[in-house]
Amino acid sequence: MDISYAIGSDHAVAAAVTIGVQDLRVRDVSLATGPVRFPYVPGLLAFRELPLLLEALAGLPAPPEMVMCDGYGIAHPRRFGLACHLGLLLDRPSFGVAKTDFVAGHDEPGARRGQWSVLAEGDAILGRAVRTRTGVKPVYVSVGHRVSLGDATDLTVRLSPRYRIPEPTRQADIVSRQELRRGPS
DNA sequence: GCGACAG
DNA sequence: ATCTTGTCGC
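Residues numbered from 1 in each chain as written. Chains lettered and ligands numbered in written order. Predicted model: local features only at pLDDT ≥ 70, side-chain atom pairs only at ≥ 80, totals over all residues. Heavy atoms only, no water.

(A) Quick peek at the overall build of chain A. Per the secondary structure count, chain A includes four helices and nine strands. In chain A, the succession of helices and strands from N to C terminus is β-β-β-α-β-α-β-β-β-β-β-α-α. Its C-alpha radius of gyration of 16 Å places chain A within 12% of the 16 Å reference for a compact globule of 185 residues. When burial is assessed residue by residue, chain A has 49% of its 185 residues classed as buried. (Helix = DSSP H or I, 4+ residues; strand = E, 2+ residues; numbered from the N terminus. Rg over C-alpha atoms; globule rule 2.2 N^0.38 Å. Buried < 20%, exposed > 50% of the residue type's maximum accessible area, 1.4 Å probe, protein only.)

(B) Broad picture of a nonpolar patch on the surface. On the surface, Val26, Val29 and Leu31 cluster together into a nonpolar patch covering about 220 Å² of accessible area. Considering the arrangement of structural elements, one finds leucine 31 in strand β3 (residues 26-35). For leucine 31, a relative accessible area of 37% corresponds to the partly exposed category. (Patch = residues over 30% accessible without salt bridge, like charges linked within 9 Å, V, L, I, M, F, W, Y side chains within 5 Å. Areas by Shrake-Rupley, 256 points an atom, 1.4 Å probe, with all protein chains shown as cover. Salt bridge = Lys/Arg side-chain N within 4 Å of Asp/Glu carboxyl O.)

(C) Quick peek at the state of the cysteines. Going through the model one piece at a time under the given rule, you end up with zero disulfides. No disulfide involves cysteine 84; its sulfur sits 8.8 Å from that of cysteine 69, the nearest cysteine. (Disulfide = S-S within 2.5 Å.)

(D) Quick look at the protein's contact with DNA strand C. Taken together, Ser4, Tyr5, Ile7 and Lys99 form the complete shell of residues around DNA strand C. When the atoms of DNA strand C within 4 Å of the protein are sorted by group, sugar and phosphate make up 100%. Side-chain polar atom of lysine 99 to a phosphate oxygen of DNA strand C: 3.1 Å apart, as the coordinates give it. (Near = heavy atom within 4 Å. Polar contact = N/O pair within 3.5 Å; in protein donor to acceptor, adjacent residues only side chain to side chain.)

(E) Here's a closer look at helix α2 (residues 82-90). Buried residues of α2: Leu82, Ala83, Cys84, His85, Leu86 and Gly87, and no others. In the core, the buried residues of α2 are packed alongside α1 (45-58), β4 (67-69), β5 (94-98) and β9 (139-145). Just beyond α2, the residue with positive phi is aspartate 91, at close to 55°. (Contact = heavy atoms within 4.5 Å.)

(F) Layout of the sheet that holds β3. If you trace the three strands from one edge of the open sheet to the other, you get β1-β2-β3, paired in antiparallel fashion. In this open sheet, the two strands that pair with only one neighbour each are β1 (2-5) and β3. This sheet shows a mean twist of 20° between the axes of neighbouring strands, independent of strand direction. Relative to strand β2 (residues 11-19), β1 is paired through four bridges, and the arrangement is antiparallel. Each residue of the ladder has a partner; that of serine 4, found in β2, is valine 13. Lying on the sheet, α1 is in contact with β1, β2 and β3; it crosses β2 at an angle near 50°. (Pairing = 2+ DSSP bridges. Axes fitted to C-alpha atoms, helices over the stretch in contact; angles between N-to-C directions.)

(G) Examining empty space enclosed by the protein more closely. Under the defined criterion, the tally for this structure stands at one cavity of 30 Å³ or more. Taken as a whole, the largest cavity holds about 30 Å³ of empty space. Around the largest cavity, the lining residues are Met1, Asp2, Ile3, Glu49, Leu53, Cys69, Asp70 and Leu82. If you list the elements that add at least two residues to the lining of the largest cavity, you get β1 and α1. Its residues assigned to classes, the lining of the largest cavity comprises five nonpolar, no polar and three charged. (1 Å grid on protein atoms, 1.4 Å probe; cavity = no way out; pocket = protein on both sides within 12 Å on 5 of 7 lines; lining within 4 Å. Points joined across faces, edges and corners; volume = space filled by probe spheres on them. Nonpolar A, V, L, I, M, F, W, Y, C, P; charged D, E, K, R; others polar.)

(H) Geometry of the pairing of β2. Taking burial as the measure, the nine residues of β2 include nine buried ones, the bulk of the element. Burial of the side chains of β2 extends over both faces: His11, Val13, Ala15, Val17 and Ile19 are buried on one face and Ala12, Ala14, Ala16 and Thr18 on the other. Remark: five residues form the turn of the hairpin made by β1 and β2, two consecutive strands paired antiparallel; glycine 8 in that turn has positive phi of roughly 65°. The sheet contact formed by β2 and β3 spans eight bridges and is antiparallel. Residue pairing for β3: alanine 15 is matched across the bridge by leucine 31.

Next comes the structure, spelled out in structure tokens:
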């Protein structure tokens, strides 16, 4: 899942891309275009992106077994980020993979692909900083709904065979912005 | 009070 | 998130 935005307007395009975990190939693609009415406020991302993301998901020929979000799950100020909203609303397993640190502090994970460190706040373990590529900045994984942190971590690494960003999110980013630039306004 | 702040 | 080309490095 991902959304691309146009500058100076509320125009945006959301993309839902399903990837086969076995062959890592794109299965289905669904796009949703429309105005975004909620501003970007750190901590309230779900209220901004949820409507268009749900619309894109509804357009898929078959519901995905697992939903990977571009953002956080429970590693959130109120322990309920975008991935939690999506998973709960769809009653589907979900988790989030964010590109930058947000709330929890963490140690630097090992440099090798697959290595990770804990994202924690006090006694609460909120997620993991996961290295998807050796020697490259980690991504931040946290649980959304009905999935373990271990499974979310494994899927994130398996779905990132070549780039830092996992294939589902990467493909969704590519097709959404491609569609955005294809027909602006 | 100040800084930081998913996308 | 978005505006942008080349360039440094493995």
